[in-house]
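# Structure at a glance
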Number of protein chains: 2
Amino acid sequence: MIPNENYKNLKDSYLFYNISCKINDYLAAHKGARLYRMGIGDVSLPLCDAVIKALHEAVDDQSKKEKFHGYMPECGDPELRRTISEYYRSRNTDISADEVFVSSGASDELGDIMDIFGNYKTAMIMEPAYPAYVDANIMTGNEIIRLSAGKENGFLPMPNEIPDGRTADIIYICSPNNPTGAVFTREQLKSWVDYANKIDAVIIFDAAYEAFIEDDTLPHSIFEIEGTRDCAIEICSLSKTAGFTGTRCGYTVIPRTLYRGGMNMHDMWVRNRTTKTNGVSYIIQKGAAAVFTPEGQEQIHKNIDVYKKNAAMLTEAFDKLGIWYCGGKNAPYIWLKCPNDMGSWEFFDYLLEKIQVIGTPGAGFGSCGEGYFRFSTFGSPDDTREAAKRILELFSK
Amino acid sequence: MIPNENYKNLKDSYLFYNISCKINDYLAAHKGARLYRMGIGDVSLPLCDAVIKALHEAVDDQSKKEKFHGYMPECGDPELRRTISEYYRSRNTDISADEVFVSSGASDELGDIMDIFGNYKTAMIMEPAYPAYVDANIMTGNEIIRLSAGKENGFLPMPNEIPDGRTADIIYICSPNNPTGAVFTREQLKSWVDYANKIDAVIIFDAAYEAFIEDDTLPHSIFEIEGTRDCAIEICSLSKTAGFTGTRCGYTVIPRTLYRGGMNMHDMWVRNRTTKTNGVSYIIQKGAAAVFTPEGQEQIHKNIDVYKKNAAMLTEAFDKLGIWYCGGKNAPYIWLKCPNDMGSWEFFDYLLEKIQVIGTPGAGFGSCGEGYFRFSTFGSPDDTREAAKRILELFSK
């Protein structure tokens, strides 16, 4: 028996491994050194009170015979699905409860969703990209078309930049983007939707960072764009919105009107879920529901504001220094051009050695990320303030 | 774009849908009737105190900045992996911590694991079978060889019964079995292990009901059998062991020594998990760890004893009536031959109409289940006692 040979085509990702080696080497040579970690993609603030209260109540339910919950509906608790559909409606987007699927998070869903597409498709991935997009497609034997983003298009590539004659079955769009923090406008997304409909592709829209959008003109969801109910799947997460990176819950929207090749992809996903899962934990779904209460929304936005203030401290320093960047305003990531034409890893080493600030080399997100660098705004405010101060001092010299 | 066309080959399963229609019709015609539900595969007892305490503590951790947990290791909390490896060691089975993968449950894992096998393989499935085995294989384009079990082989088919010339890449074994409750002996499993090694197949061993084994001579794990480290993956669940059907946690064992076609399937699964998940919820993993403490083990076995007493009430009635059955002793299911040569659905209707007892027609688990019937022992003791009494009265007439 020969297992899935597509795995032989995977390349090892050394990005975070290399970073940790370099940090360990530095700490070995500089015992007790204080580091300012601006690279981390994880959140640092705990869950908000409304979520904690709901989680405790749900645990109590599981302790009592008359309130105990066994198997949950595979596609999600109907009440939570309704709540999330109302969250969409609050932004004038008409998504019905049965078009919302509760998931264990976006990364799980980005992997699992491949199953309804089948094998040996062509996927278009805008780079720099979240590395798991690429790997999940290699595992399934898909061909990958890489669409390079750069400073010249504000890291927002458009359909007219696609090389002649290349077409795709699946188009990945992440907006607000990880790692660049760039956000597509309505008009830009409309071009992508029109293009997808024209070439019969399906867009997988990763909206994990939608809650960071503060500019009212920018779309939170691809379903705010006309024509999308026939061509898109949206994958969302509470990881960054509500600090669920370690608690795990997200949601996916597949319109009932999404057909390809005469097959209804919404119904295919229902069939997938009812076969391949027994649903998300009752306890976690109760915690997730609390995120969407008025109290929960107020509390999570207080946390998001902390991260936004972190972003402002860093972008203020970059503005003063005349360093080019995108993101940081409607996104939790800042993507900057390394000063003095440094390479991504060269800049990493320089920051670590000189001012003990750690970020993520852009080259780790695809070759067009070379010469760029990602800062996360999820760290502690004190560390971020100190990092911004040190960067300002270092490059003002 | 044409999605996964294998989905067109799926057949709708009407088993539980038909059951609920028949129940609804009965209740509409008999307002307020009291039903005795012996069909349900879900547990009825709440989580034990040790687990509840651990879940509350973990929720508290998520509320405090200094104890908050973000992203978990994708393959599971190292401490929980070590704990589960010690659970194996307590039965003299040598499984290292890094061979244990924490999952969201067996049904999730049975679906996800297909990815490392790739498409268009041949899977051997013993019927009657858990329907998801069949559907997950159809979705991936696999050919299915059905190996019929029956009264004559005690619902435990052996390799020498395989039709001439048929061979498989994957062999599913569920022991203790759902739906039949039959359990393979060590000698029988050894024959399957030898056969799998001979034909280069991998066994997927579903051990979801291992905690119900009370006969010390029966194997809890396929890794108790010599030669298995080269040919098996074991998928376990806390759903029935500890009442986690709605709380969701399980574990999978893939030996580091499992190679096929020169590829290391353990390492492939590590790569799959690090790409396609961000791990199981911190809170849920803390609850799962409490299952393996001495206190947790004592408490879950008290619950299992309740279900075992249910089993005894039913089998005592069947013994008195001379009804053939298997299971019920080392398994939470009882599989019986319908009395008076009734068909599965005929027997269902008869029990519902005459004594308001509900079970699951065996025909729903594959055509060789026709004429058989499954009783679950997960219901309430009072209902089970009454159901057993009514069955005894009905067939003593």
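Residues numbered from 1 in each chain as written. Chains lettered and ligands numbered in written order. Predicted model: local features only at pLDDT ≥ 70, side-chain atom pairs only at ≥ 80, totals over all residues. Heavy atoms only, no water.

## Description of the overall build of chain A
The helix and strand tally for chain A stands at 13 helices and 15 strands. Scaling as 2.2 N^0.38, a compact globule of 397 residues should have a C-alpha radius of gyration of about 21 Å, and chain A matches this with 21 Å. Counting only C-alpha atoms, chain A reaches 60 × 60 × 50 Å along its principal axes. Between the averaged position of the 42 positive side-chain charges in chain A and that of its 54 negative side-chain charges there is a distance of 3 Å. (Helix = DSSP H or I, 4+ residues; strand = E, 2+ residues; numbered from the N terminus. Rg over C-alpha atoms; globule rule 2.2 N^0.38 Å. Lys, Arg positive; Asp, Glu negative; His and termini not counted. Charge placed at Lys NZ, Arg CZ, Asp CG, Glu CD.)

## What to know about the relation of the copies chain B and chain A
Mapping chain B onto chain A calls for a screw motion: a turn of 180° about the axis and a shift of 0.0 Å along it, with 0.0 Å RMSD after fitting. Expressed as an axis order, the relation between the two copies is that of a two-fold axis. Residue histidine 56 of chain B, judged by its C-alpha, is the member of chain B lying nearest the rotation axis, at 3.1 Å. The share of interface residues of chain B whose copies in chain A are also at the interface is 100%, consistent with both copies meeting through the same surface. (Least-squares fit on C-alpha atoms with pLDDT ≥ 70 in both. Contact = heavy atoms within 4.5 Å.)

## Focus on the sheet that holds strand β2 (residues 100-103) of chain A
Residue and element names in this part refer to chain A. Overall, mixed pairing links the seven strands, which are arranged β2-β8-β7-β6-β5-β3-β4 in an open sheet. Both edges of this open sheet fall to β2 and β4 (143-148), since each of them pairs with a single strand only. Across the sheet, the mean angle from the axis of one strand to that of its neighbour is 20°, orientation sign disregarded. In the sheet, strand β3 (residues 122-127) pairs with strand β5 (residues 170-174) via three bridges, with the strands oriented parallel. Bridging across to β5, methionine 124 finds its partner in isoleucine 171. (Pairing = 2+ DSSP bridges. Axes fitted to C-alpha atoms, helices over the stretch in contact; angles between N-to-C directions.)

## Observations regarding the interface of chain B and chain A
On the side of chain A, 73 residues touch chain B, which itself brings 73 residues to the contact. Here chain B and chain A share 38 residue pairs in polar contact (both at pLDDT 80 or more) between them. Only α2 (49-61), α4 (106-112), α5 (114-117), α6 (131-139), α9 (265-276) and α10 (282-291) of chain B provide two or more residues apiece to the side of chain B that touches chain A. Per element, the largest residue contribution to the side of chain B that touches chain A is six residues, and it comes from α9 of chain B. Residues belonging to the side of chain B that touches chain A are distributed by class as follows: 29 nonpolar, 24 polar and 20 charged. (Polar contact = N/O pair within 3.5 Å; in protein donor to acceptor, adjacent residues only side chain to side chain. Nonpolar A, V, L, I, M, F, W, Y, C, P; charged D, E, K, R; others polar.)

## Here's the deal with the nonpolar core
Formed by 216 residues in total, the largest nonpolar core has its most connected members in Trp192 of chain A together with Trp192 of chain B. Ignoring anything within four residues of it in the chain, the contact list for tryptophan 192 of chain B reads Met124, Met126, Leu147, Pro157, Met158, Pro159, Ile162, Ile171, Ile173, Phe184 and Ile203 of chain B. In this structure, Met139 and Met268 of chain A together with Tyr7 and Ile170 of chain B belong to the second largest nonpolar core, which totals 66 residues. (Core = buried A, V, L, I, M, F, W, Y, C linked by side-chain atoms within 4.5 Å. Buried < 20%, exposed > 50% of the residue type's maximum accessible area, 1.4 Å probe, protein only.)

## What to know about the confidence of the model for chain A
Residues of chain A with pLDDT of at least 70 account for 100%, and the chain-wide mean is 96. The ipTM for the predicted assembly is 0.96, set against a pTM of 0.96. (pLDDT = per-residue confidence, 0-100.)

## Some details on the side chain of aspartate 112 of chain B
Following the sequence through the fold, aspartate 112 of chain B ends up in helix α4. A polar contact is formed between the side chain of aspartate 112 of chain B and the side chain of arginine 273 of chain B, at a distance of 3.5 Å.

## Some thoughts on the pairing of strand β15 (residues 372-376) of chain B
Residue and element names in this part refer to chain B. Within β15, five of the five residues are buried, which leaves it mostly tucked inside the rest of the structure. Every second residue of β15 is oriented toward a common face, with Tyr372, Arg374 and Ser376 on one face and Phe373 and Phe375 on the other, all of them buried. With five bridges joining them, strand β12 (residues 333-337) and β15 adopt antiparallel strand pairing. Counted as the bridge partner of tyrosine 333 is serine 376 from β15.

## Examining empty space enclosed by the protein
Applying the stated rule across the entire model yields nine cavities of 30 Å³ or more. Of the pockets and cavities examined, the largest cavity occupies roughly 420 Å³. Forming the walls of the largest cavity are 32 residues, and the residues nearest its centre are Ser104, Asp108 and Val280 of chain A together with Ser104 and Asp108 of chain B. At the level of elements, β2, α4 (106-112) and α9 (265-276) of chain A together with β2 (100-103), α4 and α9 of chain B are the ones that each hand at least two residues to the lining of the largest cavity. A per-class count over the lining of the largest cavity returns six nonpolar, twelve polar and 14 charged. Computed from the structure, the second largest cavity encloses a volume of approximately 300 Å³. What lines the second largest cavity is a set of 24 residues, and nearest its centre among them are Asp115 and Lys276 of chain A together with Met114, Asp115 and Lys276 of chain B. When its residues are assigned to classes, the lining of the second largest cavity shows four nonpolar, twelve polar and eight charged. (1 Å grid on protein atoms, 1.4 Å probe; cavity = no way out; pocket = protein on both sides within 12 Å on 5 of 7 lines; lining within 4 Å. Points joined across faces, edges and corners; volume = space filled by probe spheres on them.)

## Re the environment of alanine 129 of chain B
Residues and elements named next belong to chain B. For alanine 129, the location among the structural elements is in the loop between β3 (122-127) and α6. You can call alanine 129 buried: its relative accessible area is 4%. Considered as a pair, alanine 129 and arginine 390 are 261 residues apart in the sequence and their alpha carbons are 29 Å apart. Sequence-distant contacts of alanine 129, defined by excluding residues within four places in its chain, comprise Asn178, Pro179 and Phe365.

## Concerning the sheet that holds strand β8 (residues 250-253) of chain B
Residue and element names in this part refer to chain B. Pairing within the open sheet is mixed, and its seven strands lie in the order β2-β8-β7-β6-β5-β3-β4. Every other strand in the sheet has two partners, leaving β2 and β4 (143-148) as the edge strands with one partner each. Neighbour to neighbour, the strand axes of the sheet diverge by 20° on average, direction disregarded. Inspection of the sheet shows β3 paired to β4 by six bridges, in the parallel sense. Counterpart to threonine 122 in the pairing with β4 is glutamate 143.

## Here's the deal with the side chain of threonine 315 of chain B
Considering the arrangement of structural elements, one finds threonine 315 of chain B in helix α11 (residues 294-321). What threonine 315 of chain B contacts, discounting residues up to four positions off in sequence, is Tyr325 and Ile334 of chain B.

## Observations concerning the state of the cysteines
In total, this model carries zero disulfides over all chains according to the counting rule given. The thiol of cysteine 368 of chain B is not disulfide-bonded; the next cysteine sulfur, from cysteine 326 of chain B, is found 11 Å away. (Disulfide = S-S within 2.5 Å.)

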